[in-house]
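Spelled out, the chains give:
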Amino acid sequence: MTGSHKSIETKHCEERASFFGDLARLGALSRRGFMKVAGASAGIAAAKGLITPQSFQLVEVAQAQETGAPSFTFAYISDSHLYTRDVNDRFIRSAVKAVEDVNALDPQPDFVLFGGDLAQLGKKEELDLGLQILKGLKAPLKIMVGEHDWFLDMGEHWRTLFGAPQYSFDHKGVHFVTLMSVQEKDFWTAHGMSPAERMQTVAGLDNGLQSRFEVGSEGRAWLKNDLAKIDKKTPIVVFSHSPLYKYYRNWNFWTDDAEEVQALLSGFDTVTVIHGHTHQMLLNRIGNINFYGLLSTAWPWPYAPEGLPKLTVQMNRADPFNAFDGCGDGRMDVLTSGMVDKVYNLWNRNPVTIRSSYLVSGGEKHRPPATALASY
């Protein structure tokens, strides 16, 4: 990893008491209740297996840097799918672990991206809990919305916490765009669905009632206007919860208007798309665009039976008896060239680095080692 890791557990024993104290002040979560979930101290938690040691200490699977020195770094946490504490506390522990992983990085990233699906059923209590956990981050937070955050109240509470679901910003010569990519055409009115039924339908993914995800005409118009003022040589990084291509329609690993969005990005020299939703190492390149899927902190998804991009380096299958296996967080090193080297911090495994040169070369350069076990 970039920089050194000094006395991680010692450093975090001091921080954890303050962080847990803030978290415990959330109305739905008593201090006693939360300590029971997360462990009264780092030592007790590790001994009980509630929070595993910081896996960013492991040696990366990587080769010498050939694509330029990092200009800056950002980290990510994604797809926590939080229920309220009384329903499921395991996902809470995983989200806390991810915050600790990122806070242990030295030097700290320039910012942290949360990749969407903070909540599971879009409830106010779930989103509030997620925000309280993310407030424990040292670095500034950037966030995008997922379908699980949105379709209970059509984003009403999410907006009160995080603002507009589409926005852009510039950082050290790179233009970042956050897209709301999980719009759906109205399927609920004709079926007389309640908000809870609409949310359950969208969360189900593999049903014939809902439409496929899309950025939508308004979102594409917003993107076109946003990019109109950007020089074509400026590196572009797009955050999108759904993949901005068509992977597997039956699970809605899919964006219906992906080609139209790709066309808006096609004129730029360097474009990287970072997406959540799929809960797996997922790699693709279409035209000038490199695509990277994010890991989940909640659970890993199996690979789809068809449509898997050929450049994807598949994860080993997850151990069903290990709640952390196949899950994780990670880091993006944005190079001086504007390209991105991606570190997948798979918990309980060695981190895996995917170089931008691997995607740009069509898999000819810097291919990471193959998995030891058959994937799904």
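Worth saying up front: this structure is predicted, and the values here are computed from it rather than measured.

K.L.:
Now, about helix 10 (residues 258-265): what can you tell me, with residues and values included?
P.N.:
Buried within helix 10 we find Ala 258, Val 261, Gln 262 and Leu 265. One side of helix 10 holds all its buried residues, which, seen down the axis, span an arc of 100 degrees. Packing partners of the buried residues in helix 10 comprise strand 5 (174-179), helix 9 (216-228), strand 6 (236-240), strand 9 (271-275), strand 10 (283-286) and strand 11 (289-293).

K.L.:
Please provide a residue-by-residue account of the sheet that holds strand 6, values included.
P.N.:
Ordered in space as 4-5-6-9-11-10, the 6 strands form an open sheet in which the pairing is mixed. Each having just a single partner strand, strand 4 (167-171) and strand 10 make up the two edges of the open sheet. Strand-to-strand, the axes of this sheet are offset by a mean angle of 20 degrees, without reference to chain direction. The pairing of strand 10 with strand 11 spans 4 bridges and is classified as antiparallel. Residue Ile 286 lies in a different strand from strand 11, and its bridge partner there is Ile 289. Running at roughly 170 degrees to strand 5, helix 9 makes contact with strand 4, strand 5 and strand 6 of the sheet. Sheet strands in contact with helix 10 are strand 5, strand 6, strand 9, strand 10 and strand 11, and its direction is about 125 degrees off that of strand 11.

K.L.:
I'd like a rundown of the nonpolar core, residues and numbers included.
P.N.:
Within the largest apolar cluster, 97 residues are counted, with the highest numbers of intra-cluster contacts made by Phe 74, Phe 176, Phe 239, Met 281 and Ile 354. When residues of this core are assigned to their parent elements, the largest contribution, 7 residues, is made by helix 4 (residues 90-103). Once residues lying within four places of it in the same chain are set aside, the contact partners of Met 281 are Leu 295, Tyr 303, Thr 312, Val 313, Met 315, Tyr 344, Leu 346, Val 352 and Ile 354.

K.L.:
So what about the packing of helix 9 against helix 10? Which residues, and what values?
P.N.:
Geometrically, a packed helix pair is captured by the angle between its two axes and the distance between the axes. One way to put it is that helix 9 packs onto helix 10 with a least axis distance of 10 Å and a crossing angle of 10 degrees. The angle between the axes of helix 9 and helix 10 places the two elements in the roughly parallel class. Mapping the contact onto sequence places Arg 220, Leu 223, Lys 224 and Leu 227 in helix 9 and Glu 260, Val 261, Leu 264 and Leu 265 in helix 10. For the contact of helix 9 with helix 10, a count of residues per class yields 5 nonpolar, no polar and 3 charged.

K.L.:
Explain the packing of aromatic side chains to me, using residue names and the numbers behind them.
P.N.:
Per the stated rule, a full pass over the model turns up 21 aromatic pairs. For the pair Phe 91 and Trp 299, a centre-to-centre distance of 5.7 Å together with 40 degrees between the ring planes defines the contact as tilted. Of this pair, Phe 91 sits in helix 4 while Trp 299 sits in the loop between strand 11 and strand 12 (328-335), placing them 208 residues apart in sequence. Overall, Phe 91 belongs to the buried group, its relative accessible area being 5%. Aromatic pair Trp 251 and Phe 253: ring centres 5.6 Å apart, planes at 80 degrees, arrangement edge-to-face. The exposure class assigned to Phe 253 is buried, which follows from its relative accessible area of 0%. Each residue in the set Phe 72, Phe 74, Phe 111, Tyr 167, Phe 169, Phe 176 and Phe 239 is aromatic and connected to the rest through ring pairs, giving one cluster. The aromatic ring of Tyr 344 is capped on one face by Lys 342, whose charged end is 3.6 Å from the ring centroid.

K.L.:
Which residues make up the pattern of salt bridges, and what values go with them?
P.N.:
Enumeration over the complete set of coordinates arrives at 13 salt bridges. As a salt-bridge pair, Arg 93 and Asp 89 come within 2.9 Å of each other at their nearest N and O atoms. Asp 257 is the partner of Arg 220 in a salt bridge, and the nearest nitrogen-oxygen pair spans 2.7 Å. Of this pair, Arg 220 sits in helix 9 while Asp 257 sits in the loop between strand 8 (253-254) and helix 10, placing them 37 residues apart in sequence.

K.L.:
Requested: an account of the pairing of strand 11, with residues and values cited.
P.N.:
With respect to burial, strand 11 is a largely interior element, 5 of its 5 residues being buried. Across the two faces of strand 11 the burial is the same, with Ile 289, Phe 291 and Gly 293 and Asn 290 and Tyr 292 all buried. Bridging between strand 9 and strand 11 involves 5 bridges; their strand directions are parallel. Following the sheet pairing, His 275 is matched in strand 11 by Gly 293. Linkage of strand 10 to strand 11, two consecutive antiparallel strands, is achieved through a turn of 2 residues, within which Gly 287 is found at a positive phi near 60 degrees.

K.L.:
Requested: an account of the environment of Pro 243, with residues and values cited.
P.N.:
Tracing the chain through its elements places Pro 243 in the loop between strand 6 and strand 7 (246-248). According to the relative accessible area criterion, Pro 243 is buried, its value standing at 0%. Setting aside chain neighbours within four positions, we find Pro 243 in contact with Phe 253, Trp 254, Thr 255, His 275, His 277 and Thr 278.

K.L.:
Pulling in residues and values, what's your account of the sheet that holds strand 14 (residues 352-354)?
P.N.:
Ordered by their spatial adjacency, 6 strands build an open sheet running 3-2-1-12-13-14, and the pairing between neighbours is mixed. Edge strands, defined here as strands with exactly one partner in the open sheet, are strand 3 (141-143) and strand 14. Here the strands of the sheet are splayed against their neighbours by 25 degrees on average, with no regard to which way each runs. Two elements, strand 1 (residues 70-77) and strand 12, share 6 bridges in a ladder whose sense is antiparallel. Bridged to Phe 72 within strand 12 is Val 334. Each of strand 1, strand 2 (111-114), strand 12 and strand 13 (340-346) is contacted by helix 4, which is oriented at about 165 degrees to strand 1, the strand it contacts most.

K.L.:
Kindly report on the confidence of the model for the protein, identifying the contributing residues and their values.
P.N.:
Fine structural detail should not be taken from predicted coordinates in areas where pLDDT scores are low. Considering every residue of the protein, the mean pLDDT works out to 85; 81% of them sit at 70 or more. Note that pLDDT drops below 50 for residues 1-66; the model gives that stretch 131 contacts with residues more than four away or on any other chain.

Cut-off values and rules
Residues numbered from 1 in each chain as written. Predicted model: local features only at pLDDT ≥ 70, side-chain atom pairs only at ≥ 80, totals over all residues. Heavy atoms only, no water. Buried < 20%, exposed > 50% of the residue type's maximum accessible area, 1.4 Å probe, protein only. Helix = DSSP H or I, 4+ residues; strand = E, 2+ residues; numbered from the N terminus. Arc of directions from axis to C-beta. Contact = heavy atoms within 4.5 Å. Pairing = 2+ DSSP bridges. Axes fitted to C-alpha atoms, helices over the stretch in contact; angles between N-to-C directions. Core = buried A, V, L, I, M, F, W, Y, C linked by side-chain atoms within 4.5 Å. Parallel < 35°, antiparallel > 145°, perpendicular 65-115°, else oblique. Nonpolar A, V, L, I, M, F, W, Y, C, P; charged D, E, K, R; others polar. Phe/Tyr/Trp six-rings, centres within 6.5 Å; stacked < 30°, edge-to-face > 60°. Lys NZ or Arg CZ within 6 Å of the ring centre and 35° of its normal. Salt bridge = Lys/Arg side-chain N within 4 Å of Asp/Glu carboxyl O. pLDDT = per-residue confidence, 0-100.

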